[in-house]
Structure formats: C-alpha cells, structure tokens
Amino acid sequence: VRPHDRILEIGAGTGYNAALLARLTGTQQHVTTVDIDPEVTAGARRSLDATGDNDVTVITRDGSLGAEEKAPYDRIIATCSVPAVPWSWAGQLTPSGTILVDYKPAISAGRRASGRCPCRHRPYPLPADHAPRYRAGGPDRPIAGRRRRG
C-alpha cells in the first residue's frame, strides 16, 4: 500500500484495518470497507468515527460484489477467507491493481480444507506460496506465485 492508493477492504471487522490503511494511503477518502453484516459495519463505523477516520467509506453489502461506486482500486484486500476470487473484483481494479486474498478452496466450519489441488493434484493444505496472484486481466496473466513440481 502506497500513499494515494485507492483501497477496497472486504471484511470490515472492527474498522481497525481500514484506519491503518487510511494512514498508509495518506487520505481517508481513498479507503472503502465492505461487510455483509450490518452489526459489523455499524461497529466499524463507530470505531472509525471515534478515531477521527470519518471519511473512510463503510458499506453494508455482500463483499463479493465489491464497491463499484468507488472504483477503480489500486488494491483490493480481503480480510476474510474466500473459496474463489469474484471476477467483479478484477473489474474494479486499475490496470496495475492487485488483489490480496486468503484463498481457501474449500471452507468448512472448524475443519481443514481437504481435496485436490487443480494444478498438481496434491492434497491440501497447500504451502502459502502455491496460489498464484493475477493482474486485472485475469488468470492468463499471473504476476507471482511459484508452482511446485510434484
């Protein structure tokens, strides 16, 4: 995160992360945080207001939709685990934007993800550097991530 970056945070939590992002970008108007739970967003809004971060935008909606009204973003940061990256997020990125997610192909309450890796047929869990990251152009444009030979 750099000064003046436009940030979308998926998963508002307490608002703490949005406040930190506002400090890193140097302007609160460039930070938007989204959560599906109205109680969570209300709590985040109260916390942000109490710390003087009044201009951070807090939106209550399904995070998989992003926040197109504030796009484009230089960074989209999902603070929640996702089983797949929604294409709507890629559409809300600048051409050089980056999406950062905690990717979990199979989410189940209290259990470890299990199954097979689609690229090498390995059992999960996978090493952290396994999942590739992509530019806004989609999966045909990887920018990082090592694929392990197996």
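Worth saying up front: this structure is predicted, and the values here are computed from it rather than measured.

Caption draft 1: Spatial organisation of the overall build of the protein chain. Along the backbone of the protein chain there are three helices and seven strands. The N-to-C order of helical and strand elements in the protein chain reads β-α-β-α-β-β-α-β-β-β. The 150 residues of the protein chain split such that 34% are buried. Nonlocal contacts in the protein chain, meaning residues at least 24 apart in sequence, comprise 48% of its contacts between residues at least 6 apart.

Caption draft 2: Representation of the pairing of strand β1 (residues 7-10). Where burial is concerned, the two faces of β1 agree: the one with Ile7 and Glu9 and the one with Leu8 and Ile10 are both buried. Taken together, β1, helix α1 (residues 16-25) and strand β2 (residues 31-35) form a β-α-β motif whose crossover is right-handed. As judged from the four bridges shared by β1 and strand β4 (residues 73-82), these two strands associate in the parallel manner. Across the sheet, isoleucine 7 pairs through a bridge with arginine 75, a residue of β4.

Caption draft 3: A look at the pairing of strand β3 (residues 57-60). Residues of β3 alternate between two faces, with Thr57 and Ile59 buried on one and Val58 and Thr60 left unburied on the opposite face. Across four bridges, the pairing between β2 and β3 is parallel. Opposite threonine 33, over in β3, you have valine 58 as the bridge partner. After leaving β2, the chain enters helix α2 (residues 38-50) and then returns to the sheet as β3, a path that is right-handed.

Caption draft 4: Highlighting the pattern of salt bridges. Tallying each qualifying case throughout the model produces five salt bridges. For aspartate 49, the salt bridge goes to arginine 45, with nearest N and O atoms at 3.1 Å. Residue aspartate 49 and its partner arginine 45 are both found in helix α2; the two are separated by four residues, about one turn of the helix. The exposure class assigned to aspartate 49 is partly exposed, which follows from its relative accessible area of 37%. The salt bridge partner of glutamate 69 is arginine 61, with a shortest N-O separation of 3.1 Å. Owing to a relative accessible area of 25%, arginine 61 belongs among the partly exposed residues under this scheme.

Caption draft 5: Structural view of the sheet that holds β2. The strand order across the open sheet formed by five strands is β3-β2-β1-β4-β5, and the pairing between neighbours is parallel. At either end of the open sheet lies a strand with only one pairing partner, and these are β3 and β5 (93-103). Strand-to-strand twist in this sheet, taken as the mean axis angle between neighbours without regard to direction, amounts to 15°. Here β1 runs beside β2; their pairing, made up of four bridges, is parallel. Paired with isoleucine 7 across the two strands is valine 31, which belongs to β2. Sitting on the sheet, α2 touches β2 and β3, and the angle it makes with β3 is about 170°.

Parameters and conventions
Residues numbered from 1 in each chain as written. Predicted model: local features only at pLDDT ≥ 70, side-chain atom pairs only at ≥ 80, totals over all residues. Heavy atoms only, no water. Helix = DSSP H or I, 4+ residues; strand = E, 2+ residues; numbered from the N terminus. Buried < 20%, exposed > 50% of the residue type's maximum accessible area, 1.4 Å probe, protein only. Contact = heavy atoms within 4.5 Å. Right-handed = clockwise from strand over helix to strand, strands pointing away. Pairing = 2+ DSSP bridges. Salt bridge = Lys/Arg side-chain N within 4 Å of Asp/Glu carboxyl O. Axes fitted to C-alpha atoms, helices over the stretch in contact; angles between N-to-C directions.

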